[in-house]
Amino acid sequence: MNIVVQPQMADATAVADPQADISARLERLPITREVFWARNIIGTATFFDGYTVIAIAYAMPVLVREWSLTPAQTGMILSMGYLGQLIGAILFGWMAEKVGRLKVLLFTILLFVSMDVSCLFAAGAGMMMAFRFVQGIGTGGEVPVASAYINELIGSKGRGRFFLLYEVMFLLGLLGAGLIGYFMVPVYGWKAMFVVGLVPAVLMIPLRWFLKESPRWLAANGRYEEADAIVSRMEESARVSGRELPEPRLAATPERRKSDWKELFQGIYLKRTLSIWAMWFCAYMVANGTITWLPTLYRQAFNLPLETSILYGFMTSAAGVVAAVICALLIDKVGRKRWYAGALLLAPVPLVILAWLGATSPLQVLILAGLAYAIVQTVTFSLYLYSAEIYPTRMRAIGTGTGSAWLRLGSSAGPMLVGFVMSSFGIQYVFATFAVILVIGAIVTMLFAVETKGKVLEELSP
């Protein structure tokens, strides 16, 4: 029997805490039609978020020559989007705790699409930096809020696989940018990358009309009737499909506290916050420092044709997608902590080999840097899952947002680090530096990360 306490009955004796009841009812549900389509709709938006993030990398080889950009200007254009993402991740993570997940998702999509239009009219490096900065605010807010939302809809069994198959959409967006860049940029110019990015505008229609707010967030904010109605529809959908639902098993009762960002640095969450920040920073500095610069490196350092430079970048992105799918299928068996530590220790190996060989040919870079990138990508794309698991509902979005802000710092620092090291010391030292950064991330993971595999969110984070 499901017992739901209405807001006006809060002072009455309750058999079950409403938040715990909502959680228990979600835990026993299979993947319903509503949840499946919610993942797909938001996954499509996330696809274009990934596309937007990396589109500039495939436009850059043309812009460098068309605008006569210096290496410093190139690095700044690539980095400004990530700096904007830093602000967006924190700002919209905080807003999602206050006003809800879906309203914030709609606004972030509107923001990064509108700036996509603006980029079409950029007439120089300064304008492109400004537009990419504001666009980054939108893209930076979309993924962490979407991650919190998807995690809150599903139970602990198979959560990693279900969520990461959604998160693969971001990587497919990176891959899609590579395909568009390869086929369209040589023919239609750099603006083709941004024209395609306008597609997400139509996604706001299904986002607005077909998705419902997170029942966990509603319950945490005292809106029990709305949460009960949404979960009841999901239960009915499961029964209609022929599923027999077991009785709900109440997990740990969540603390009744208002969302407060200062709690990120209190109690058990302090160690979690600092460790996830380090993991975000190290992994993304290497991954995005690699993938955003490779097309330009092939073009400038090895004088490869534009089509070949873009093709090599696409092949690296494709390797990352393959590795990510393998991770999605296995991470519920291997566990988060073990996978992350192993990947962060393995990826430096091809980077060290590449540094030792001197990175003297584009083929060396393609094979060894591509292998390292693919391994690190299994960490970067799945940290949204892990971040959402280690925080409670009252601060899941802000915790994920502030954590992913460090990926923005790492991502913005990566291209600038590449530009500095390459011009001062040589290409091979870039890869040696990246290897050291990954080893630091592995040490932090082994010492401080907690395992979340197969655990109910409310048990992990009271």
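Above this text is the structure in question.
Residues numbered from 1 in each chain as written. Predicted model: local features only at pLDDT ≥ 70, side-chain atom pairs only at ≥ 80, totals over all residues. Heavy atoms only, no water.

Chemist: Sorry if this is basic, but what is going on with the overall build of the protein chain here?
Modeler: Helix and strand counts for the protein chain come out as 19 helices and 0 strands. Relative to the globule expectation of 23 Å for 462 residues, the C-alpha radius of gyration of the protein chain, 22 Å, shows essentially globular dimensions. Each principal axis of the C-alpha atoms in the protein chain carries an extent, and together these give about 75 × 45 × 40 Å. Here the protein chain, with 462 residues, has 61% of them falling under the buried criterion. Counting contacts in the protein chain only where the partners sit at least 6 residues apart, residues at least 24 apart contribute 84% of the total. Put simply, the protein chain shows about 17,500 Å² of open surface, and 67% of that area lies on carbon and sulfur atoms. Charged side chains in the protein chain number 37 positive and 29 negative. The centres of these two groups are separated by 5 Å. (Helix = DSSP H or I, 4+ residues; strand = E, 2+ residues; numbered from the N terminus. Rg over C-alpha atoms; globule rule 2.2 N^0.38 Å. Buried < 20%, exposed > 50% of the residue type's maximum accessible area, 1.4 Å probe, protein only. Contact = heavy atoms within 4.5 Å. Areas by Shrake-Rupley, 256 points an atom, 1.4 Å probe, with all protein chains shown as cover. Lys, Arg positive; Asp, Glu negative; His and termini not counted. Charge placed at Lys NZ, Arg CZ, Asp CG, Glu CD.)

Chemist: Even after reading the chapter, I still don't get helix α12 (residues 306-334), so can you show me in this structure?
Modeler: Between its first and last C-alpha atoms α12 spans 41 Å; for 29 residues at 1.5 Å apiece the expected length is 42 Å, and the two agree. The sharpest bend along α12 reaches about 35° and sits at A328. (Expected span 1.5 Å × (residues − 1). Bend = angle between axes of the 7 residues up to and from the residue.)

Chemist: Quick question: what am I supposed to make of the packing of aromatic side chains here?
Modeler: The geometry of an aromatic ring pair comes down to the distance between the two centres and the angle between the two planes. Scanning the model with the defined rule gives 18 aromatic pairs in all. Their ring planes at 85° and their centres at 5.2 Å tell us that Y298 and Y312 sit as a pair that is edge-to-face. Here Y312 lies in helix α12 and Y298 lies in helix α11 (residues 268-300), a separation of 14 residues in the sequence. Taken individually, Y298 and Y312 each receive the classification buried, so the pair is uniform in this respect. Here the aromatic residues W261, F265, W277, F281 and W406 are joined through ring pairs into a cluster of three or more. Sitting above the plane of the F162 ring, R39 keeps its charged end 4.2 Å from the centroid. (Phe/Tyr/Trp six-rings, centres within 6.5 Å; stacked < 30°, edge-to-face > 60°. Lys NZ or Arg CZ within 6 Å of the ring centre and 35° of its normal.)

Chemist: For this particular structure, what's the right way to read a nonpolar patch on the surface?
Modeler: There is a patch of nonpolar side chains on the surface, built from L345, V439, I443, M446, L447 and F448 and spanning about 510 Å² of accessible area. For the nonpolar patch, the element with the highest residue contribution is helix α18 (residues 427-448), accounting for 5 residues. Tracing the sequence through the fold places L447 in helix α18. The class for L447 is exposed, based on a relative accessible area of 58%. (Patch = residues over 30% accessible without salt bridge, like charges linked within 9 Å, V, L, I, M, F, W, Y side chains within 5 Å. Salt bridge = Lys/Arg side-chain N within 4 Å of Asp/Glu carboxyl O.)

Chemist: When you look at the pattern of salt bridges in this model, what are you seeing that I'm missing?
Modeler: Once their charged atoms are close, side chains differing in charge can pair, the charge on each being opposite to the other. This model, assessed by the stated rule, comprises 14 salt bridges. The closest approach of N and O atoms between E27 and R216, which form a salt bridge, is 3.4 Å. With E27 in helix α1 (residues 18-27) and R216 in helix α9 (residues 215-220), the pair connects residues that are 189 residues apart, well separated along the chain. Given the relative accessible area of 2%, R216 is considered buried. Through salt bridges with shared partners, a single network forms among D21, R25, R28, D228 and E235.

Chemist: What is the right way to look at the state of the cysteines in this model?
Modeler: Should the sulfur atoms of two cysteines be covalently bonded, the bond is a disulfide. Counting across every chain of the model gives 0 disulfides. C327 carries a free sulfur, and the closest cysteine sulfur to it, the one in C282, is 18 Å from it. C327 gets classed as buried once you look at its relative accessible area, which sits at 0%. (Disulfide = S-S within 2.5 Å.)

Chemist: Can you walk me through unusual backbone geometry in this structure?
Modeler: Excluding glycine, most residues fall at negative phi; most peptide bonds, likewise, are trans. Positive phi values are uncommon outside glycine, yet N303 reaches one of about 55°. Examined against the element boundaries, N303 turns out to sit in the loop between α11 and α12.

Chemist: Mind showing me how you'd approach the nonpolar core here?
Modeler: Grouped burial of nonpolar side chains is what soluble globular proteins tend to show. Counting 139 residues, the largest nonpolar core has L63, M128, M193, F194, I276 and V365 as its most contacted members. Here this core gets 17 residues from one element, more than from any other, and that element is helix α2 (residues 33-66). (Core = buried A, V, L, I, M, F, W, Y, C linked by side-chain atoms within 4.5 Å.)

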